[in-house]
Amino acid sequence: MKEEDEMSNEIQEVLVTGMTCAHCVASVTEELSELPEVRGVTVDLRVGGESRVTIVTSAPVGDDRIRSAVEEAGYAVAGSTAE
Ligand SMILES: [Cu+2]
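Residues numbered from 1 in each chain as written. Predicted model: local features only at pLDDT ≥ 70, side-chain atom pairs only at ≥ 80, totals over all residues.

Caption draft 1: How the structure looks around the packing of helix α1 (residues 22-33) against helix α2 (residues 63-73). Interhelical geometry of α1 versus α2 gives an angle of 140° and a closest axis separation of 8 Å. Judged on the interaxial angle alone, α2 and α1 are oblique. Crossing angle aside, the handedness with which α1 passes α2 is right-handed. Packed against α1, whose contacting residues are Ser27, Val28, Glu31 and Leu32, the element α2 presents Ala69, Val70, Glu72 and Ala73 at the interface. Residues belonging to the contact of α1 with α2 are distributed by class as follows: 5 nonpolar, 1 polar and 2 charged. (Axes fitted to C-alpha atoms, helices over the stretch in contact; angles between N-to-C directions. Helix = DSSP H or I, 4+ residues; strand = E, 2+ residues; numbered from the N terminus. Parallel < 35°, antiparallel > 145°, perpendicular 65-115°, else oblique. Left-handed = near helix turned anticlockwise from the far one by under 90°. Contact = placed C-beta atoms within 7 Å. Nonpolar A, V, L, I, M, F, W, Y, C, P; charged D, E, K, R; others polar.)

Following this line, the structure appears as structure tokens:
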């Protein structure tokens, strides 16, 4: 995870299915990190379930762009946990 200043960041979370190991985590992290607003990605891997992906951004990123990045990596977004 990149160094970050929590004060100026937005936190977005999505639930991703299909992830099974560290390679999956690396793929999703890499694709999401390519979005210019993304400063950091944390994945709480749940094999066989919905892995919670926490994305720290400098500005809000649309759900469609997050979904595209996750699908680019080869996985699916099951939902977002936005309150
Ligand atoms: Cu994997």
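Now that the structure has been shown, we can carry on.
Caption draft 2: A look at the environment of Leu15. Structurally, Leu15 is set in strand β1 (residues 10-17). Take Leu15: there are 17 C-beta atoms within 10 Å of it, and that puts it in the partly exposed class. Spatially, the C-alpha atoms of Leu15 and Ser80 are 5.8 Å apart, while their sequence positions differ by 65 residues. (Buried ≥ 20, exposed ≤ 12 C-beta atoms within 10 Å, placed from the backbone.)

Caption draft 3: Spatial organisation of α1. With 12 residues, α1 extends 16 Å between its outermost C-alpha atoms, agreeing within 8% with the 16 Å of an ideal straight helix rising 1.5 Å per residue. Its buried side turned inward, α1 meets β1, β2 (38-44), β3 (50-57) and α2. (Expected span 1.5 Å × (residues − 1).)

Caption draft 4: Broad picture of the pairing of β3. Side chains Ser51, Val53, Ile55 and Thr57 project from β3 onto a buried face, and the interleaved Glu50, Arg52, Thr54 and Val56 project onto a face without burial. Across 6 bridges, the pairing between β2 and β3 is antiparallel. Paired with Val41 across the strands is Ile55, a residue of β3. What sits between the antiparallel neighbours β2 and β3 is a turn of 5 residues, in which Gly48 has the positive phi angle 80°. (Pairing = 2+ DSSP bridges.)

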